[in-house]
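Coordinate analysis (summary)
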Amino acid sequence: MLKRVVFWFIFMPLAAFGQQSKPHAAGDTAIKALPARLAEYYATHPTEKAYLQFDKPYYAIGDTIYYKAYITLGPEHKLSALSGVLNVELVSPDNKITRSEKLLITAGTTWGDFALTDTLKGGNYRVRAYTNWMRNEGEDSFFEQIIPVAGYPMKGTSENKIIPNKIAGAVKTLNKTDVQFLPEGGSVVTDNYSRMAFKAIGTDGLGKDIKGTITNDEGKEVIAFASAHLGMGSFNIVPQAGKSYKANVVFADGTTKTIELPRALTTGYTLSVNNTDPDTIRLRVAAGIASSLDKLSIIAQSGGTVYFAAENQQSGGKFFSAAIPKSRFPVGIVQFTLFSPAGEPLNERLVFINRENGVRLKLSAKEIYATRGKVKLDLTAINKDNRPATGSFSVAVTNESLVKADTVNENTIISDLLLTSELKGTVEQPTYYFDKITEKTQADLDNLMLTQGYRHFDWKHVLDEKEQAVKYPAEKDFSISGRVSKWGKPVMNAAVKLFSNKGGTFMLDTLTDKDGRFAFKNLVFGDSTKFVVQAKVAKGQDAVTLDLDTVLSPALAVKNNVVPLKIDSTRIYRYLDNQRNFFIEQQNHGINKHTIVLRQINVRASKKPVILHSDNLNGPGNADQVLTAKDFEMAPCVKIADCLAGKISEVIFRNGIPLNVRQQMSPMAIVVDGNFVEYSEFKYMNIDDIEGIEVVLSLNYAAVYGSRMAAGGLIITTKRGDKVKNYYRYAPGVVTYMPKGFYKAREFYSPQYDNPHTNQKMADLRSTIYWNPNIITD
């Protein structure tokens, strides 16, 4: 029975609403230039985000993780056309990258999968995804999600590898709860009506309930307080001049703690925002006794777009206020900033605009179906104008008796793009704020805004008049670049070739610039594609060095106090038992086989490859003659042709070119690490860099290589010990390179029960019934 259908949908509005900044005359305050500066900055530094939807919230060893990625750009979260390459990595509980994929982004979407092979262990894995452009904002801007993977206890033990609370290697902390008191807007000002927020976090990274009282320096109780949700709450206070205040905190276990509140100042400002009205934001700015409100300005921005700007024109007075319709703001976090006349940020307040975005989804189907009957679901997307909406969907259908939906703790595309991706630190139960919008959830969301820092925006970068350099350019596709030098100095106009024989012969050439640099751009290739890069100069080839540019993955930060999904252990064991039976059933019927590692097998005899890492298409060692590195250990020679002369039967060398005696002295082909190369490259190869040579003379071994090996060939495998970064040198100016190419996602398997050839007796134990990452509404 189909228990649950989950749809994720992105709808992108065509326009944002807000005020357009205009040029101002000389003498205007500096703050009036900020909207233009903000627009200029974000025109060259747009914010790109990634969100991944998974087919289910947790997995078992042997499962396959299926996911779809949405890549968005700007404050309206439109599907991004900036980047064309997405990096997705599976990080193990011991903080190592166990799987990595590069995916081709088309129209802002892509999809892939990770096979959880039997070599992996159970625990909390992390999936992180990022584009090269996102690296400019640091790792905090990457998509990251915890993926619990349940492992099977080893036979004869009670070992439980299910969802540990911490990642191995995390820094140990003392067993105490951290409590912080944070004034609204950042300042506490004497005699001003102020709101004080607080948050209590335990060593496990989760919010802890607290209560207590606020007392002044005379010991008199001013107000009582208690957390409202996940250790967060707030209260109102009017601090009096010359008095100090402290919080007397009581924890759930009865222990207590005294904390001094931030001291009130006579100078400065109080920035207050009331977000309780469903249609209006009420803004109030109050000055301290020793401060002036003259020419103060307020700017409200989201994602680099200014939606509200105002300046206080009145002289004298100690406060000003404004009522702003929420309709002028987009859904999501809006940052209100108070500026001095000189354009210096004074106070900041985050506000979340939480309302329906106007997009409605209609899903229709029959209520009753026959067992194993085909199910048809009709999906309709309607925009706010009641017109059909074009959208990109991914659909996961899961058996809810095995995979229970957690509508509070699971992250969704709404909670991620609009909330968690914008805030620093961990946000517990992100979907709680969106599942059912009530007065309480709105109040709790406002407390979250008061206690969590803004991640994606910093005024100092915008206000810096120096142009902010982009360190990591957006990748549209792949490029292979590098530098050619001779005796350590750059070589200009060196001829550089790039070629590969995977899927047919592929060859490009170019010249180096004055710095010895070259680049082959706009490349698109699949994973496991091997290239040969060759640089040639007119004289002194022996002294040529070719270095390729390689881009390493960002360093992995050790994550401490990660928040695990709250999954009932009984449900996990039921899921594990089902998955074990599911795999056995599939293996018994020979379908959808899984990658496993055999244990406790005694190998009595085995035939090892004659040459390690050989790319011989006939199989390692299948040739007319095989030479290994040991055959050349004591060879008193310099040139490779001299080293091989006399060692290879029925082959002679003339001018460094091998000739097949059987084929009327015809020149033989040269294949190095799976790629055909020219004789000029072969001549300069160092014999000490060769792991082995497989000699092909007869047609039965040459046929698999086609006409290029009609006269036989030498299949050369270089030593992997000469690896430089992620490429290999095997001759001056020649390297082999196998970069990470685009991953091709596997197709999700679903049995076709209306097909007469389908085995109807096979038990259907699938936890994911259906997965389709590419559904587009018209």
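Residues numbered from 1 in each chain as written. Predicted model: local features only at pLDDT ≥ 70, side-chain atom pairs only at ≥ 80, totals over all residues. Heavy atoms only, no water.

Turning our attention to the overall build of the protein chain. Within the protein chain one finds nine helices and 46 strands. Of all 778 residues assigned to the protein chain, the portion counted as buried reaches 48%. Contacts in the protein chain between residues at least 24 apart in sequence constitute 70% of all its contacts with a sequence separation of at least 6. Accessible surface computed for the protein chain: about 38900 Å², of which carbon and sulfur atoms make up 51%. (Helix = DSSP H or I, 4+ residues; strand = E, 2+ residues; numbered from the N terminus. Buried < 20%, exposed > 50% of the residue type's maximum accessible area, 1.4 Å probe, protein only. Contact = heavy atoms within 4.5 Å. Areas by Shrake-Rupley, 256 points an atom, 1.4 Å probe, with all protein chains shown as cover.)

Moving on to the sheet that holds strand β42 (residues 713-718). The strands making up a sheet associate through hydrogen bonds between their backbones, and the pairing can be parallel or antiparallel. In spatial order, the strands read β35-β41-β42-β39-β40; together these five strands make up an open sheet with mixed pairing. The sheet is open, and its two borders are formed by β35 (625-628) and β40 (675-677), each paired with just one other strand. This sheet shows a mean twist of 25 degrees between the axes of neighbouring strands, independent of strand direction. Pairing of strand β39 (residues 669-672) with β42 involves four bridges; the strand directions are parallel. Paired with I670 across the strands is L714, a residue of β42. (Pairing = 2+ DSSP bridges. Axes fitted to C-alpha atoms, helices over the stretch in contact; angles between N-to-C directions.)

Read from one edge to the other, the open sheet built from three strands follows the order β11-β12-β15, with strand pairing classed as antiparallel. The two strands at the open ends of the sheet, each matched to only one other strand, are β11 (178-183) and β15 (232-237). With strand direction ignored, the average angle separating the axes of adjacent strands in the sheet is 20 degrees. The sheet contact formed by β11 and strand β12 (residues 194-201) spans six bridges and is antiparallel. The residue of β12 that forms the bridge with V179 is A200. Across the sheet, helix α4 (residues 439-451) is in contact with β11, β12 and β15; its angle to β12 comes to roughly 85 degrees.

Let's shift gears to the packing of aromatic side chains. One pass over the structure, following the stated rule, counts 24 aromatic pairs. Ring centres of F181 and F225 lie 5.9 Å apart, and the angle between their planes is 85 degrees; on these two criteria the pair is classed as edge-to-face. With F181 in strand β11 and F225 in strand β14 (residues 221-226), this pair connects stretches of sequence that are 44 residues apart. Here F225 falls in the buried class, since its relative accessible area comes to 6%. Ring geometry for F352 against F434: centres 5.6 Å apart, planes inclined by 65 degrees, an arrangement best described as edge-to-face. With F352 in strand β24 (residues 345-353) and F434 in helix α3 (residues 432-435), this pair connects stretches of sequence that are 82 residues apart. With relative accessibility at 2%, the residue F352 sits in the buried group. An aromatic cluster is present here, built from F478, F506, F525, F531 and F742 joined pairwise through their rings. (Phe/Tyr/Trp six-rings, centres within 6.5 Å; stacked < 30°, edge-to-face > 60°.)

If you look at the biggest cluster of nonpolar residues, it comprises 30 residues, and the most contacted ones within it are L52, F54, I65, L86, V88 and V127. Elements with a contribution of two residues or more to this core: β2 (48-54), β4 (64-73), β6 (85-91), β9 (123-130), β10 (143-150) and α2 (413-420). Examining the composition of this core, we find that five residues originate from one element, β4, more than from any other. For V127, the contacting residues outside a window of four places in its chain are L52, F54, V88, E89, L90, F114, F143, E144, Q145 and I147. (Core = buried A, V, L, I, M, F, W, Y, C linked by side-chain atoms within 4.5 Å.)

Attention shifts here to empty space enclosed by the protein. Applying the stated rule across the entire model yields one cavity of 30 Å³ or more. By volume, the largest cavity amounts to about 70 Å³. Lining the largest cavity we find V188, M196, I237, P239, K243, S244, Y245, L261, P262, R263 and A264. Looking at the lining of the largest cavity residue by residue, the classes come out as eight nonpolar, one polar and two charged. (1 Å grid on protein atoms, 1.4 Å probe; cavity = no way out; pocket = protein on both sides within 12 Å on 5 of 7 lines; lining within 4 Å. Points joined across faces, edges and corners; volume = space filled by probe spheres on them. Nonpolar A, V, L, I, M, F, W, Y, C, P; charged D, E, K, R; others polar.)

A few words now on the confidence of the model for the protein chain. Summarising the model, the protein chain shows a mean pLDDT of 83, and 86% of its residues fall at 70 or more. pLDDT under 50 marks residues 597-601. Its contacts with residues more than four places away, or in other chains, come to three contacts. (pLDDT = per-residue confidence, 0-100.)

Together, L363, V375 and L377 give the surface a local cluster of nonpolar side chains, amounting to about 210 Å² of exposed area. Within the secondary structure, V375 sits in the loop between β25 (360-364) and β26 (378-382). Residue V375 is classed as partly exposed on the basis of its relative accessible area, which comes to 31%. (Patch = residues over 30% accessible without salt bridge, like charges linked within 9 Å, V, L, I, M, F, W, Y side chains within 5 Å. Salt bridge = Lys/Arg side-chain N within 4 Å of Asp/Glu carboxyl O.)

Right, let's get into the pairing of β42. Of all six residues that make up β42, six are buried, and the element is covered over most of its length. Along β42, one buried face is formed by G713, I715 and T717 and the opposite face, lined by L714, I716 and T718, is buried too. Pairing of strand β41 (residues 690-696) with β42 involves six bridges; the strand directions are antiparallel. Directly across from V695, in β42, lies its bridge partner L714.

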